[in-house]
Amino acid sequence: MTAQSVNLTGLDLRAEIDRLRKERGAVILAHYYQSPEIQDLADYIGDSLELSKKAAATDAEVIAFCGVKFMAETAKILAPEKIVVLPDLNAGCSLEDACPPEKFAQFRAAHPDHIALTYINCSTEVKALSDVIVTSSSAETILAQIPADQKIIFGPDRHLGGYLSRKFNREMLLWPGVCIVHEAFSETELLKLKAQHPGAPVAAHPECPPHIIDHADYVGSTSGILNFAKGFEGDTLIVATEPHIIHQMELALPGKTFIGAPGADGQCSCNICPYMALNTLEKLYLALRDLTPRIEIEEGLRLRAKRSLDKMLEMAGGTVGQGDLGAR
Ligand code: 13P
Ligand code: SF4
């Protein structure tokens, strides 16, 4: 049954979600790209590494994951005894779609002397085919620990891989996936915006293409960008990532101005993640009420995927909370 086919008129959804959260012993985890109304009632908000760690450590019996499917699957891989629900199972990711496991397996087989360093934005099957998973906040710490002569396949985000490759001056074989949200920023419109706000720094996510990164004063994960916003001294910051993160900036720094980087139309509506936007308060309410849609993963596959995630958690060490790829 979908949220659309259920009559929820008259329900105080926030109060009901709160009641069900207690009744179910549930924790609500939300990514920074969720709508402000979901962020406001989450128990924890974070970047993908922080949310993975939170899922692995929680005592809650139920995890209501407000994010996209690969994030909820990561929670299930790390916490198999928990019930993990995702308000909308169609909340995918263009990076996951760009990397079908069969093709990735063939690519790996064609390069047997390479290890696969893989962005967490991928399917459980691709995690199972990988050696080490990285997030945007842990990638640099992890790459620094891999011997310089070790050949690397990096997938599925060619922009994050390219950014790391340039920063570390290290060749990597890049899988050709992109995030459709970060891909949509326009350099021309960004330059116009910078001209209108002289001196305003630009903070960018490393999923942005190089022509956007080249204009950034800071590059980092969602948590890293948020930390940068909390520390910068000016009045105005241009934010080149999914604009829902600006909600946390406005809550933390009410006197400052945060402007989402524009797309080709000069606006930023094209930069809202359409997958994240599938989760709504209504669907979260139904997920807690019915404990569905649930994430289920076959045990053999889960164990194979867990190896590369465990490696990430081991190698990322204290990276959590910094969310930081640092200044360029
Ligand atoms: P973070 O790891 O920075 O939260 O990024 C996740 C993501 O999907 C960005 O598009
Ligand atoms: Fe995937 Fe991009 Fe959406 Fe992140 S913003 S979930 S990378 S499509």
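Above this text sits the structure in question.
Residues numbered from 1 in each chain as written. Chains lettered and ligands numbered in written order. Predicted model: local features only at pLDDT ≥ 70, side-chain atom pairs only at ≥ 80, totals over all residues. Heavy atoms only, no water.

(A) Representation of the packing of aromatic side chains within the structure. Evaluation of the coordinates by the stated rule reveals five aromatic pairs. Between Y218 and F228 the ring centres are 4.8 Å apart and the planes differ by 10°, which places this aromatic pair in the stacked class. Placement of the pair is Y218 in strand β10 (residues 218–219) and F228 in helix α13 (residues 222–231), with a sequence separation of ten residues. The class of Y218 is buried, set by a relative accessible area of 6%. (Phe/Tyr/Trp six-rings, centres within 6.5 Å; stacked < 30°, edge-to-face > 60°. Helix = DSSP H or I, 4+ residues; strand = E, 2+ residues; numbered from the N terminus. Buried < 20%, exposed > 50% of the residue type's maximum accessible area, 1.4 Å probe, protein only.)

(B) Molecular detail of the pattern of salt bridges. The final tally for this structure, using the stated rule, is 17 salt bridges. For D43, the salt bridge is made with R21, and the minimal N-O distance between the two is 3.2 Å. With D43 in the loop between α2 (36–41) and β2 (44–46) and R21 in helix α1 (residues 13–24), this pair connects stretches of sequence that are 22 residues apart. Given a relative accessible area of 12%, R21 falls into the buried group. The residue K311 makes a salt bridge to E314 at a minimum N-O spacing of 3.4 Å. Taken as a pair, K311 and E314 lie in helix α16 (residues 299–316) at a separation of three residues, close to a single helical turn. The exposure class assigned to K311 is partly exposed, which follows from its relative accessible area of 33%. Relative accessible area serves as the criterion here: at 56%, E314 is assigned to the exposed category. The network of salt bridges with common partners includes D18, R21, K22 and D43. (Salt bridge = Lys/Arg side-chain N within 4 Å of Asp/Glu carboxyl O.)

(C) Structural view of helix α4 (residues 69–78). The buried count for α4 comes to nine of ten residues, which makes it a mostly enclosed element. Of the residues making up α4, those classed as buried are F70, M71, A72, E73, T74, A75, K76, I77 and L78.

(D) Quick look at the site of ligand 2. Near ligand 2 you find Y33, V68, C93, S94, L95, N121, C179, V181, E207, C273 and Y275, and these make up its full shell. Placement of ligand 2 is best described as lying within the largest cavity. Of the residues in the shell around ligand 2, the class split is eight nonpolar, two polar and one charged. (Near = heavy atom within 4 Å. 1 Å grid on protein atoms, 1.4 Å probe; cavity = no way out; pocket = protein on both sides within 12 Å on 5 of 7 lines; lining within 4 Å. Sits in = over half its atoms within 2 Å of the grid points. Nonpolar A, V, L, I, M, F, W, Y, C, P; charged D, E, K, R; others polar.)

(E) Highlighting the site of ligand 1. If you check the shell around ligand 1, you find H31, Y33, D47, S48, Y119, N121, S136, H182, H205, E207, S221 and T222 and nothing else. The side chain of H205 places a nitrogen or oxygen atom 2.8 Å from an oxygen atom of ligand 1. In the complex, 96% of the free accessible area of ligand 1, which totals 300 Å², lies under the protein chains. Judged by its atoms lying within 2 Å of the grid points, ligand 1 is housed in the largest cavity. Residues of the shell around ligand 1, tallied by class, amount to two nonpolar, eight polar and two charged. (Polar contact = N/O pair within 3.5 Å; in protein donor to acceptor, adjacent residues only side chain to side chain. Areas by Shrake-Rupley, 256 points an atom, 1.4 Å probe, with all protein chains shown as cover.)

(F) Quick peek at empty space enclosed by the protein. One pass over the full model with this rule turns up two cavities of 30 Å³ or more. Here the largest cavity defines a volume of roughly 230 Å³. Around the largest cavity sit 25 residues that line it, and Y33, M71, N121, E207 and M276 are the ones nearest its centre. Those elements that place two or more of their residues in the lining of the largest cavity are α4, α5 (94–97) and α10 (180–183). It is α10 that provides the largest number of residues to the lining of the largest cavity, a total of three residues. (Points joined across faces, edges and corners; volume = space filled by probe spheres on them.)

(G) Molecular detail of unusual backbone geometry. Residues G155 and P156 are joined by a peptide bond in cis, for which omega reads -15°. Tracing the sequence through the fold places P156 in the loop between β7 (151–155) and α9 (158–168). Cis geometry marks the peptide bond from T292 to P293; its omega dihedral reads 0°. In this model, N169 sits at a positive phi of 50°, which is unusual for a non-glycine residue. Assignment of secondary structure puts N169 in the loop between α9 and β8 (173–174). Taking the relative accessible area as the measure of exposure, N169 reaches 72% and is therefore exposed. With a phi angle near 50°, L291 is a residue other than glycine that sits in the positive phi range.

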